[in-house]
Each structure stands twice: as C-alpha cells, then as structure tokens.
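Below, each chain spelled out in residue letters.
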Amino acid sequence: MQQSEPDGLPLKVEYALTAFGQTLIPLLKAIAQWGQKTAALDENITHIPYENIDCGVLD
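Residues numbered from 1 in each chain as written. Predicted model: local features only at pLDDT ≥ 70, side-chain atom pairs only at ≥ 80, totals over all residues. Heavy atoms only, no water.

(A) Geometry of the overall build of the chain. Across its full length, the chain carries two helices and two strands. Beginning at the N terminus, the succession of helices and strands in the chain can be written as β-β-α-α. In the chain, buried positions account for 15% of the 59 residues. Within the chain, contacts between residues at least 6 apart in sequence are counted, and of these 22% link residues at least 24 apart. (Helix = DSSP H or I, 4+ residues; strand = E, 2+ residues; numbered from the N terminus. Buried < 20%, exposed > 50% of the residue type's maximum accessible area, 1.4 Å probe, protein only. Contact = heavy atoms within 4.5 Å.)

In structure tokens form, the structure reads like this:
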C-alpha cells in the first residue's frame, strides 16, 4: 500500500495499492467469490455485503 496526504482541511489520508499489491486482485476476487458461495450454502449465514472498491478489486 502507498499512503498519500493531499493538501487541505480536514486532514485526509488516502491509500492505494502499489503495482505489486495489484497483483493480489485476482486472489482477492477469488476469495470474495468463495465466501459468497459458501455463505449461500449455509442457511444460518445471510448475504455478506462488501464495498465495491473503485479500482474494481471486489466486483
């Protein structure tokens, strides 16, 4: 991850994946899909919401 602090108030810190971190995107997508499928098989688990990240990490 790479941290940046844009100028301005209120103080805001942003994080972005580095090129190396972006190589993990396919793995993260696969883990998210596995979790959704696994949750669907268990009636005690409801849908697991996750945030759709602008970079498309979790579609």
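(B) Layout of a nonpolar patch on the surface. On the surface, Met1, Leu11, Val13 and Tyr15 cluster together into a nonpolar patch covering about 480 Å² of accessible area. Here Met1 lies in the segment before strand E1 (2–4). (Patch = residues over 30% accessible without salt bridge, like charges linked within 9 Å, V, L, I, M, F, W, Y side chains within 5 Å. Areas by Shrake-Rupley, 256 points an atom, 1.4 Å probe, with all protein chains shown as cover. Salt bridge = Lys/Arg side-chain N within 4 Å of Asp/Glu carboxyl O.)

(C) Structural detail: the confidence of the model for the chain. Looking at the chain as a whole, the pLDDT averages 76, with 75% of positions reaching at least 70. Confidence, read as mean pLDDT per element, is least for E1 in the chain (74) and greatest for helix H1 (residues 19–22) (90). (pLDDT = per-residue confidence, 0-100.)

(D) Just helix H2 (residues 25–41), in detail. The end-to-end C-alpha distance of H2, which contains 17 residues, comes to 25 Å, matching closely the 24 Å that a straight helix rising 1.5 Å per residue would cover. All of the buried residues along H2 are Ile25, Ala32, Gly35, Gln36 and Ala39. For H2, the buried positions fall inside an angular range of 95 degrees around the axis, keeping them on one side. Summarising the geometry of H2, the exposed residues directed more than 90 degrees from the buried face are Pro26, Gln33, Trp34, Lys37 and Leu41. Contact partners of the buried residues in H2: H1. (Expected span 1.5 Å × (residues − 1). Arc of directions from axis to C-beta.)

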